[in-house]
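Summary of structural features
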Amino acid sequence: MRKVVLAVCALLAATPPAWAGDYWRGVAAETKAAVNAAERAFAANDQTAALAAVTTAYFGKFEGLKMEAAIRKEIGAKRAFQVEKLFGEMRKAIKAADAAAVASIANDLGGALAEDAAKLDAAAISPDVYEANK
């Protein structure tokens with residue numbers, strides 16, 4: 001019986017958590033989808049919807065799904081601030097009706113999110129970034 005328990009414990013220790021793999025890539029994709037919605041609303045001359053979509057991208061996805069915290073913990077506060085700043089710049093560009101800036105910032109955000117998500121997934125950072133020993 002003891003051998004069975006040890007074997008099960010060894011198997012569980014060797015098995016990656018259910019969230020391991022591409023969890024953060026999924027969060028990045030959800031966040032980018034909200035950024036894309038902001039771009040589409042902006043292109044349709046709906047500034048209110050564009051600003052709401054950026055707010056959803058930041059608070060509902062990036063921050064709400066703890067990607068910002070994971071970046072801060074694993075990659076660093078400076079990088080977290082850089083990405084966070086892009087969301088603010090996109091809001092300003094939408095308010096200024098600067099189509100070129102909106103497109104450029106959305107592209108920069110997509111690249112930053114994808115790059116950071118790959119690093120977080122490679123490091124197997126838990127979705128609960130404050131979980132002990134993660």
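What this report covers is the structure whose coordinates are included nearby.

What counts as what
- Residues numbered from 1 in each chain as written.
- Predicted model: local features only at pLDDT ≥ 70, side-chain atom pairs only at ≥ 80, totals over all residues.
- Heavy atoms only, no water.
- Helix = DSSP H or I, 4+ residues; strand = E, 2+ residues; numbered from the N terminus.
- Buried < 20%, exposed > 50% of the residue type's maximum accessible area, 1.4 Å probe, protein only.
- Contact = heavy atoms within 4.5 Å.
- Core = buried A, V, L, I, M, F, W, Y, C linked by side-chain atoms within 4.5 Å.
- Expected span 1.5 Å × (residues − 1).
- Salt bridge = Lys/Arg side-chain N within 4 Å of Asp/Glu carboxyl O.
- Axes fitted to C-alpha atoms, helices over the stretch in contact; angles between N-to-C directions.

**Digging into the environment of Val102**
Residue placement: Val102 occurs in helix α6 (residues 99-122). Residue Val102 is classed as buried on the basis of its relative accessible area of 2%. Sequence separation of Val102 and Glu89 is 13 residues, and the distance between their C-alpha atoms is 8.5 Å. Sequence-distant contacts of Val102, defined by excluding residues within four places in its chain, comprise Glu39, Phe42, Met90, Ala93 and Ile94.

**Brief notes about the nonpolar core**
As a rule of thumb, nonpolar side chains are buried together in soluble globular proteins. Core analysis: the largest hydrophobic core is formed by 36 residues, its most contacted members being Trp24, Phe62, Met67, Phe87, Met90, Ile94 and Leu109. For this core, the elements supplying multiple residues, two or more each, are α2 (23-43), α3 (47-63), α4 (67-74), α5 (77-95) and α6. In this view, Met90 contacts Val35, Ala38, Glu39, Val54, Val102, Ile105, Ala106 and Leu109; residues no more than four positions away in its chain are not counted.

**Some words on α4**
Along α4, the positions that sit buried rather than exposed are Met67, Glu68, Ala69, Ala70 and Ile71. Residue Gly76 follows α4 closely and has a positive phi angle near 135°.

**Quick notes on α6**
Each α-helix winds once per 3.6 residues, and so residues spaced three or four apart point in a common direction. Here α6 is 24 residues long and its end C-alpha atoms lie 35 Å apart, about the 34 Å a rise of 1.5 Å per residue gives. Those residues of α6 lying buried are Val102, Ile105, Ala106, Leu109, Gly110, Ala112, Leu113, Asp116, Ala117, Leu120 and Asp121. In this fold, the buried residues of α6 make contact with α2, α3, α4 and α5.

**Observations regarding the pattern of salt bridges**
In total, this model carries 7 salt bridges according to the counting rule given. With a shortest N-O distance of 3.9 Å, Glu84 and Arg72 are connected by a salt bridge. In this pair, Glu84 sits in helix α5 while Arg72 sits in helix α4, placing the two residues 12 residues apart along the sequence. Ionic pairing is found between Lys119 and Glu115, a salt bridge with its closest N-O pair at 3.4 Å. You can see Lys119 and its partner Glu115 sitting in helix α6, 4 residues apart, about one turn around the helix. For Lys119, a relative accessible area of 40% gives the class partly exposed. Linked by salt bridges that have partners in common, Glu68, Arg72 and Glu84 make up one network.

**A few points about the packing of α4 against α5**
Between α4 and α5, the least distance of the axes is 6 Å, while the angle of their chain directions is 145°. Across the interface between the two elements, Glu68, Ile71 and Arg72 from α4 touch Ala77, Arg79, Ala80 and Glu84 from α5.

Shape descriptors only; they carry no functional weight alone.
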